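In case you want the letters, here they are:
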Amino acid sequence: MGRRTPLYQQHFALGARTVDFGGWDMPVHYGSQIEEHHRVRRDAGMFDVSHMCVIDVHGKSARAFLARLLANDVGKLRQAGKALYSCLLDESGGVIDDLIVYLMHDHFFRIVVNAGTRDGDLAWMRARASEWDLALDILERSDLAMIAVQGPEARAKVAALLPEVERSSVLAQEAFFGRECASTSGSRWFVARTGYTGEDGFEVMLPDREAADLWQALLAAGVAPCGLGARDTLRLEAGMNLYGNDMDRTRNPLESGLAWTVAFEPAERDFVGRGALENIRKQGGPPLKLVGLVLEDRGVLRSHQKVVVPGVDAVQVGGEVTSGTFSPTLERSIGFARVPRAASTSQTFASPCRQAAVRA
Amino acid sequence: MSQVPADLRYAKSHEWVRNLPDGSVEIGITDHAQHALGDLVFVELPEVGRALEAGAACAVVESVKAASDVYSPVSGTVLAVNEALAGTPELINQECYGRGWMMRVQPAAGSAAELLGADAYTAELAAIGG
């Protein structure tokens, strides 16, 4: 039996089919993964993402710590509540994890990391803080649950459950910002306009004992419970990477479609992995790159399937699907593949049994 | 709890067989199978006229989760396939014993002898925790 979130009983009561995900028993769907996908695109769906780990970093040197720890630059975070997506790299540029960091206020940042990597991330962060001799509090917030409410109707449905005095400011929040607000029970919730579906919506972090009540209230408001299955098809349609599939410690961000998240400027910011990535750039960039695929034939792309890229120096070279699924919106299969850099986009790849066209 | 209609016979590989009045049989996958697969997105059926061998792969069902072979529960010749599944594979999820049927086959004599009755198939499911 894996670890369970504070919402496990809710999933069980709704008849969810559960799977092991990073050591957690998580719902994969509540009946139909495709129906759940459509609900998020058309209306509103909710995901229990309490298995993800909230880490609070407090201290006067928190900003300096994160500037050195993360490949993206927390110097971009100037306004309270602003969020930044970043990779956490090791010295060789391998991706330890991908995460979101929020500036809460001076000397306080909140980080959300993946479930399967939480223990390693915490150990890494604490070891770096100690190595760099920084006085910081790095707190694992296991007392918080997180519910992602996503879809065109999601923000209105969440706002309606907040105290009236909070609603307009929560709704006025810009994309990729979060803010603390009071709940009707008097506790503090953190409501962020972020997500992993390509839809508008909120991610709500709240005390774990209040999670079931919020879940029930959202259900009553017509928000569809959605599992990890729909979460995967939604994120792939939106072109978002999944840690463990599309990148991991053996891959750097430059070969994972994540170069845009690495801040090489300012040049004097010395972050972990910078030297290794600069060496790769000096050599003309990584030999591989991550591309999006649309399958022209029937069938479904699956992780680890081989793809063949014709015509690179007349020698066929191999690539591999890192994520593949059926897109309910397009009604055909889509995915990511890691292929040789020389492969051009909008080129047709062959796979042993399928024809796939690349879309950048 | 999976549905196992009493009037059908079953293969251990989770296909069902319905006897039709003209001596042919209708074949599909069971409720347990469609549940385990999740939402179906593609179905590949054999060509009409193809000779099938009991226990050999005769069709492919692909779900959001995985592609799986369907094994012919009988030997015989394909008489017809359910064309509706090409555009609406979800019929198998919705009505696996009805509108989600897959093919009609003229069975070779005696080739259905190994099939399980509903009770035996239910016991089989209980044994695998289904």
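Look a little higher up for the structure.
Let me begin by describing the structure that accompanies this report. In this text the structure is predicted, and so the values were computed from the model without any measurement.

Rules of the game
Residues numbered from 1 in each chain as written. Chains lettered and ligands numbered in written order. Predicted model: local features only at pLDDT ≥ 70, side-chain atom pairs only at ≥ 80, totals over all residues. Heavy atoms only, no water. Buried < 20%, exposed > 50% of the residue type's maximum accessible area, 1.4 Å probe, protein only. Helix = DSSP H or I, 4+ residues; strand = E, 2+ residues; numbered from the N terminus. Pairing = 2+ DSSP bridges. Contact = heavy atoms within 4.5 Å. Buried area = accessible area lost by both parts, 1.4 Å probe. Salt bridge = Lys/Arg side-chain N within 4 Å of Asp/Glu carboxyl O. Axes fitted to C-alpha atoms, helices over the stretch in contact; angles between N-to-C directions. Parallel < 35°, antiparallel > 145°, perpendicular 65-115°, else oblique. Left-handed = near helix turned anticlockwise from the far one by under 90°. Nonpolar A, V, L, I, M, F, W, Y, C, P; charged D, E, K, R; others polar. Phe/Tyr/Trp six-rings, centres within 6.5 Å; stacked < 30°, edge-to-face > 60°. Lys NZ or Arg CZ within 6 Å of the ring centre and 35° of its normal.

1. Describing helix α2 (residues 33-42) of chain A
Burial within α2 of chain A is extensive, with 7 of its 10 residues counted as buried. Within α2 of chain A, the full set of buried residues consists of Gln33, Ile34, Glu36, His37, His38, Val40 and Arg41 of chain A.

2. Remarks on the pairing of strand β1 (residues 17-21) of chain A
All names here are of chain A. Where β1 lies against strand β2 (residues 24-29), 5 bridges are found, and the strand directions are antiparallel. Bridge assignment links Asp20 to a residue of β2, and that residue is Asp25. Linking two consecutive strands that pair antiparallel, namely β1 and β2, is a turn of 2 residues; a positive phi of about 55° is found at Gly22 within it.

3. Overview of the sheet that holds strand β3 (residues 25-29) of chain B
Paired through their backbone hydrogen bonds, the strands of a sheet run either parallel or antiparallel. Residue and element names in this part refer to chain B. Ordered by their spatial adjacency, 6 strands build an open sheet running β1-β2-β3-β9-β8-β5, and the pairing between neighbours is antiparallel. At either margin of the open sheet sits one strand with a lone partner, and together these are β1 (9-10) and β5 (51-52). Here strand β8 (residues 76-81) pairs with strand β9 (residues 103-107) via 5 bridges, running antiparallel. Note on β9: the bridge partner recorded for Thr77 is Gln106.

4. Here's the deal with the side chain of Arg231 of chain A
Of note, Arg231 of chain A is situated in helix α8 (residues 228-237). Residue contacts for Arg231 of chain A: discarding those within four places in its chain leaves Phe47, Val49, Met52, Ala148 and Tyr196 of chain A.

5. Regarding the interface of chain B and chain A
Contact residues are listed per partner, giving 14 residues for chain B and 12 residues for chain A. Buried surface at the junction of chain B and chain A, summed over both partners, amounts to about 1100 Å²; 45% is from carbon and sulfur atoms. Of all residues in chain B, the largest losses of buried area upon contact with chain A belong to Asp39, Phe42 and Val64 of chain B, amounting jointly to 49% of the total for that side. At the boundary of chain B and chain A, one finds 1 salt bridge. Residue Arg302 of chain A pairs with Glu62 of chain B through a salt bridge whose shortest N-O separation is 3.0 Å.

6. As for the packing of α2 of chain A against α8 of chain A
Residue and element names in this part refer to chain A. Where α2 meets α8, the closest approach of the two axes is 8 Å, and the angle between their N-to-C directions is 50°. As summarised for this structure, α2 and α8 are arranged oblique, according to the angle between their axes. In this structure, α2 meets α8 at a crossing whose hand is right-handed. Taken together, the residues of α8 that come into contact with α2 (itself represented by Gln33, Glu36, His37, Val40 and Arg41) are Gly229, Ala230, Thr233, Leu234 and Glu237. A per-class count over the contact of α2 with α8 returns 3 nonpolar, 4 polar and 3 charged.

7. Here we look at the packing of aromatic side chains
Tallying each qualifying case throughout the model produces 7 aromatic pairs over all chains. Seen in terms of ring centroids, Phe326 of chain A and Phe42 of chain B are 5.6 Å apart; in terms of plane orientation they differ by 90°. Their pairing is edge-to-face. One end of the pair, Phe326 of chain A, is in strand β16 (residues 315-327); the other, Phe42 of chain B, is in strand β4 (residues 40-44), on a second chain. Positioned above the aromatic ring of Phe190 of chain A is the side chain of Arg110 of chain A, whose terminal nitrogen or guanidinium carbon lies 5.4 Å from the ring centre.

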